[in-house]
Amino acid sequence: MNRPELEGTAHLLDELDKKLIVVLRDGRTLIGYLRSVDQFANLVLHKTIERIHVGKEFGDIPRGVFIVRGENVVLLGEIDAQKEANLPLRQVTVDDILDAQRREQESKQDQQRLLTKALKERGLNLMPDLTHDDMF
Amino acid sequence: MLPLSLLRTAQNHPMLVELKNGETYNGHLVSCDNWMNINLREVICTSRDGDKFWRMPECYIRGSTIKYLRIPDEVIDMVKEETAIKNRGRDNKGAKSQRGRPATRGNFGRGGGKTGNIGGRNLAQKTKQK
């Protein structure tokens, strides 16, 4: 795209209509076609899927059209169609990945409880913020 | 089509709004503004864990608390049709103005002259009155 006024500046206009991966502040991953952006990096994603990763497995949930408020975006990346075809990951069904995700979250919470308990026994009262879902 | 214009196009359509705190609001969009503040009607609010629900006839959401909005596919199709129609209009206009450019310029010049004349006439009248 020929935009001399934007030379040397980072911008999203080159990414229009490409397939992008978007990571949100809550850790969710969206994959869709970027249809529009504005000065706040608000995004319009088309034919979006939400991809959940657990270990070496992933699952896709179709989600449709998104208007993402820019301030919640952590990362945008173009998806290489060729590399996407041979991912070192295994796709599983939505139900399976949701199960795996739940198990992962539960084991994380158990771990956190153990840590809190161990620290408490040693005289440190760590209050984990359980409502904190913001990874970044 | 900017994201906020798309949101305006989505008025009267059902949508899902997720807030930064994880609560989701399902309802029909009534109105929105340039700050992404929105009004919804016939709303179902769902708690972060998806275990509690509230129904309300209407609600107002401050734009800055929104994480994302999910809108129906047909809204994007509506936009595509609109832009196609607009582009057709623009092409026609472009062709016309290109063809008619000398004429337009001529008109412009003449128009300017005319106003000048009017001014002159007025001036003349004024001078006559004097």
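These numbers were taken from a predicted model, which means no experiment stands behind them.

Asker: Describe in detail the pattern of salt bridges, supporting the description with residues and values.
Answerer: All names here are of chain A. Overall, the coordinates contain 18 salt bridges over all chains when judged by the stated rule. As a salt-bridge pair, Glu50 and Arg63 come within 2.9 Å of each other at their nearest N and O atoms. Taken as a pair, Glu50 in strand S3 (residues 43-54) and Arg63 in strand S4 (residues 57-68) lie far apart in primary sequence, 13 residues in all. As a salt-bridge pair, Arg51 and Asp60 come within 2.7 Å of each other at their nearest N and O atoms. The burial state of Arg51 is the same as that of Asp60; both residues are buried. Through salt bridges that share partners, Lys19, Arg51, Asp60 and Glu84 make up one connected network.

Asker: Hey, could you go over the interface of chain A and chain B for me, with residue numbers and the actual values?
Answerer: Facing 23 residues of chain A, the contacting portion of chain B comprises 23 residues. With both chains or domains summed, chain A and chain B bury close to 2000 Å², and 55% of this area falls on carbon and sulfur atoms. Interface area lost by chain A to chain B is led by Val65, Ile67 and Arg69 of chain A, which between them contribute 35%. Our enumeration of links across chain A and chain B arrives at three salt bridges. As a salt-bridge pair, Arg28 of chain A and Glu18 of chain B come within 2.3 Å of each other at their nearest N and O atoms. Counting across the chain A and chain B interface gives twelve residue pairs in polar contact (both at pLDDT 80 or more). Elements with a contribution of two residues or more to the side of chain A that touches chain B: strand S2 (29-37), S3 and S4 of chain A. It is S4 of chain A that contributes the most residues to the side of chain A that touches chain B, six residues altogether. Its residues assigned to classes, the side of chain A that touches chain B comprises nine nonpolar, six polar and eight charged. Note: S4 of chain A against strand S5 (residues 66-71) of chain B, four bridges, orientation antiparallel. From the neighbouring strand, Phe66 of chain A faces S5 of chain B, where its bridge partner is Arg70 of chain B.

Asker: So what's going on with unusual backbone geometry? Residues and values would help.
Answerer: All names here are of chain A. Although it is not a glycine, Asp17 adopts a positive phi angle of roughly 65°. Locating Asp17 in the fold gives a position in the segment before strand S1 (19-24). The phi dihedral of Lys47 is positive, around 50°, even though this residue is not glycine. Along the chain, Lys47 falls in strand S3.

Asker: Tell me about the side chain of His46 of chain A, residues and numbers included.
Answerer: Tracing the sequence through the fold places His46 of chain A in strand S3. The buried category is assigned to His46 of chain A, whose relative accessible area is 6%. Only 3.1 Å separates the side chain of His46 of chain A from the side chain of Arg35 of chain A, close enough to count as a polar contact. When neighbours within four sequence positions are excluded, His46 of chain A is seen to be in contact with Gly32, Tyr33, Arg35, Gly64 and Val65 of chain A together with Ile76 and Lys80 of chain B.

Asker: Help me get a handle on the UniProt feature "domain: Sm" (unreviewed entry) in chain B, residues and values and all.
Answerer: The residues that UniProt annotates with the feature "domain: Sm" (unreviewed entry) are residues 2-75 of chain B. Span residues 2-75 of chain B is 14% helix and 53% strand, its end C-alpha atoms 13 Å apart.

Asker: An account of the environment of Trp35 of chain B is needed here, citing residue identities and associated values.
Answerer: Position of Trp35 of chain B among the secondary structure elements: in the loop between strand S2 (24-32) and strand S3 (38-46). With sequence-adjacent residues up to four places away left out, Trp35 of chain B is seen in contact with Arg69 of chain A together with Gly63 of chain B.

Calculation criteria
- Residues numbered from 1 in each chain as written.
- Chains lettered and ligands numbered in written order.
- Predicted model: local features only at pLDDT ≥ 70, side-chain atom pairs only at ≥ 80, totals over all residues.
- Heavy atoms only, no water.
- Salt bridge = Lys/Arg side-chain N within 4 Å of Asp/Glu carboxyl O.
- Helix = DSSP H or I, 4+ residues; strand = E, 2+ residues; numbered from the N terminus.
- Buried < 20%, exposed > 50% of the residue type's maximum accessible area, 1.4 Å probe, protein only.
- Contact = heavy atoms within 4.5 Å.
- Buried area = accessible area lost by both parts, 1.4 Å probe.
- Polar contact = N/O pair within 3.5 Å; in protein donor to acceptor, adjacent residues only side chain to side chain.
- Nonpolar A, V, L, I, M, F, W, Y, C, P; charged D, E, K, R; others polar.
- Pairing = 2+ DSSP bridges.
- UniProt positions renumbered as here; feature names shortened; annotations may be inferred.

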